[in-house]
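Structural description and commentary
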Amino acid sequence: MPLLIGLMSGTSLDGIDAALIACGEPGPDGTQEAPRLLATHEVAMPPSLRATLLELCHADAVRFADLARAEDAFCRLQARAVSELLVASNTPASAVAAIGSHGQTIEHAPLGHHDKDASAPYTLQLDNPSLLAELTGCPVVADFRRRDLAAGGQAAPLAPAFHAALFRHPRDWQLVLNLGGFANLTLLPPATCTAEVIGFDTGPANVLLDAWHQRHRGTPVDMNGAWAAGGRIIEPLLTRLLADPFFSAPPPKSTGREAFHLPWLEAQLTGNESPQDVQATLAELTAASVSSGIAQAMAHYQAPPPSRLLPCGGGARNADLLERLARRLPQTEIGIIDQDGWSADWLEAGAFAWLAWRRLAGLPGNLPAVTGAAGPRVLGGIYSH
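Definitions and limits used
- Residues numbered from 1 in each chain as written.
- Predicted model: local features only at pLDDT ≥ 70, side-chain atom pairs only at ≥ 80, totals over all residues.
- Heavy atoms only, no water.
- Helix = DSSP H or I, 4+ residues; strand = E, 2+ residues; numbered from the N terminus.
- Buried < 20%, exposed > 50% of the residue type's maximum accessible area, 1.4 Å probe, protein only.
- Contact = heavy atoms within 4.5 Å.
- Lys, Arg positive; Asp, Glu negative; His and termini not counted.
- Charge placed at Lys NZ, Arg CZ, Asp CG, Glu CD.
- Axes fitted to C-alpha atoms, helices over the stretch in contact; angles between N-to-C directions.
- Parallel < 35°, antiparallel > 145°, perpendicular 65-115°, else oblique.
- Left-handed = near helix turned anticlockwise from the far one by under 90°.
- Salt bridge = Lys/Arg side-chain N within 4 Å of Asp/Glu carboxyl O.
- UniProt positions renumbered as here; feature names shortened; annotations may be inferred.
- Pairing = 2+ DSSP bridges.
- 1 Å grid on protein atoms, 1.4 Å probe; cavity = no way out; pocket = protein on both sides within 12 Å on 5 of 7 lines; lining within 4 Å.
- Points joined across faces, edges and corners; volume = space filled by probe spheres on them.
- Nonpolar A, V, L, I, M, F, W, Y, C, P; charged D, E, K, R; others polar.
- Disulfide = S-S within 2.5 Å.
- Domains from an automatic or database assignment.
- Buried area = accessible area lost by both parts, 1.4 Å probe.

What to know about the overall build of the protein
- When helices and strands are tallied, the protein shows 14 helices and 13 strands.
- By principal-axis analysis of the C-alpha atoms, the protein measures approximately 60 × 50 × 45 Å.
- Burial statistics for the protein: of 385 residues in total, 55% are counted as buried.
- Residue pairs at least 24 apart in sequence account for 69% of intrachain contacts in the protein once pairs closer than 6 positions are excluded.
- Averaged over its 26 positive side-chain charges, the protein has a centre that lies 1 Å from the centre of its 38 negative ones.

Looking at the packing of helix H11 (residues 275–301) against helix H12 (residues 319–328)
- Their axes nearest at 9 Å, the elements H11 and H12 cross at an angle of 45°. In terms of orientation, H11 and H12 fall into the oblique class. The element H11 and its partner H12 pack so that their crossing is right-handed. Facing Ala280, Ala283, Glu284, Thr286, Ala287, Ala288, Val290 and Ser291 of H11, the residues of H12 in contact are Asp320, Leu321, Arg324, Leu325 and Arg328.

Structural notes on the pattern of salt bridges
- This structure, assessed with the given rule, holds 11 salt bridges.
- When the shortest N-O distance is used, the salt bridge between Glu284 and Arg328 registers 2.9 Å. Residue Glu284 is located in helix H11, and its partner Arg328 is located in helix H12; the two are separated by 44 residues in the primary sequence.
- On the basis of relative accessible area, Arg328 is assigned to the partly exposed category, the value being 34%.

Comments concerning the UniProt feature "binding site: ATP" (unreviewed entry) in the protein
- Per the UniProt record, "binding site: ATP" (unreviewed entry) is found at Gly10, Thr11, Ser12, Leu13, Asp14, Gly15, Ile16 and Asp17.
- Take Asp14: it is sitting in the loop between strand S1 (3–8) and strand S2 (15–22).
- Judged by its relative accessible area of 45%, Asp14 is partly exposed.
- Leave out the neighbours within four places in its chain, and Asp14 touches Glu42, Ala44 and Met45.

Side note on the sheet that holds strand S3 (residues 36–44)
- Read across the open sheet, the six strands follow the order S3-S2-S1-S4-S7-S13; overall the sheet is mixed. Either end of the sheet is taken by a strand with one partner, and the two such strands are S3 and strand S13 (381–383). Across the sheet, the axes of successive neighbouring strands diverge by a mean angle of 20°, strand direction being ignored.
- With three bridges joining them, strand S4 (residues 96–101) and strand S7 (residues 140–142) adopt parallel strand pairing.

Let's talk about the sheet that holds strand S11 (residues 308–312)
- Here five strands make up an open sheet; going across it, the order is S10-S9-S8-S11-S12 and the pairing mixed. The two strands at the open ends of the sheet, each matched to only one other strand, are strand S10 (198–204) and strand S12 (333–334).
- Contacting strand S8 (174–179), strand S9 (182–188), S10 and S11, helix H5 (residues 160–167) runs over the sheet at an angle of about 50° to S9.

Let's talk about the pairing of S4
- In terms of burial, S4 is largely enclosed, as five of its six residues are buried.
- In the sheet, S1 pairs with S4 via five bridges, with the strands oriented parallel. Within S4, the residue paired with Ile5 across the bridge is Ile99.

Quick notes on empty space enclosed by the protein
- For the structure shown, the criterion picks out one cavity of 30 Å³ or more.
- By volume, the largest cavity is sized at about 30 Å³.
- Thr202, Phe247, Lys253, Ser289, Ser292, Gly293 and Gln296 are the residues that line the largest cavity.
- Grouping the amino acids of the lining of the largest cavity by side-chain chemistry returns one nonpolar, five polar and one charged.

Points about the state of the cysteines
- Evaluated as defined, the whole model comprises zero disulfides.
- Of all cysteine sulfurs, the one in Cys75 lies closest to Cys57, which takes part in no disulfide; the gap is 17 Å.
- Judged by relative accessible area, which is 5%, Cys57 ranks as buried.
- For Cys138, which is in no disulfide, the shortest distance to another cysteine sulfur is to Cys75 and amounts to 12 Å.
- The buried category is assigned to Cys138, whose relative accessible area is 0%.

Section: the domain arrangement of the protein
- Domain parsing of the protein yields domain 1 (3–156 + 345–383) and domain 2 (160–339).
- Its C-alpha centre places domain 1 at a distance of 23 Å from the equivalent point of domain 2.
- Listed by partner, the interface residues are 27 residues for domain 1 and 28 residues for domain 2.
- For the pair domain 1 and domain 2, the two sides together bury roughly 2,300 Å², of which 62% comes from carbon and sulfur.
- Taken as a group, Thr11, Leu347 and Val370 account for 28% of the area that domain 1 buries against domain 2, more than any other trio of residues on that side.
- Taken together, the connections running from domain 1 to domain 2 amount to one salt bridge.

Laid out in structure tokens, this is it:
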């Protein structure tokens, strides 16, 4: 079975996730044996690089030299992650069919900024696949998102096709919920059902929780949601936050730091709130917006409540957040992806390894029902070593 490496650095900017997977050869009908996770490795993001990337994400104007410097440092960190993964798994670079590199999203505006300057739709991931191929000795597949965007899609989320390959159940409706910086869900109809897989972003997951915790507690993560769990939900604030048009907009839809950030939150504060109560309210915002998104997805198909929800991403380890979701989804079991042969922490990196293999095989990587693209498209460009 061909070996692929997937690289992912999400909006949390905490490090580079590298996953080594094995993919089966596609059959004549385009189907594949479910991919297997073989080895993983994480390289922490240096604080200086994380600060630079955060600054680029929120900058009104950026110098090309600053972009180039950050891109070079980011790429070399990716190469280190690959090198250390290969050593740890005793895998020669020559055995790797390709590296799938998502890159670091700096800005994602699939509808452009029509309220500002009527800009064209765009999505920008900081990446240098040519340098990555040179440093690792492996072919690289990168720039996955812009082909879908060119076809009129949102360019996100791209993981639902991978979720369907791994977790579609013969009889039951299931959900995969990625709780990274932002939350996105995948509704998986039973394999015996002709309904299409759908998925979309539901709003912020950890991005506001992390930023608020960093400001008031001095560390970027509220471990297990302990601080939020001790706070009180500020109902009027929650109502104001949920009034943002994104939450009620129909799918397909995707979002990012451009829409949800601390200034967005601060505009809804009176200044008299307890910081811990704000944290609790932000956790409830994630749970409420996910619940609303699930209701949207179910209404789309007039589907029954999903029998199981599989959380992944950093939020899958947040006990407080999962408890809030459980209260809002009483008919749905919240499972553990680790029990299905994959770790919740490595699903996103695995997805881009799998998408790289789809590119090498000349198979589409997007789902038009998810992104809104005009049709299936082969995603990414190939950079030989």
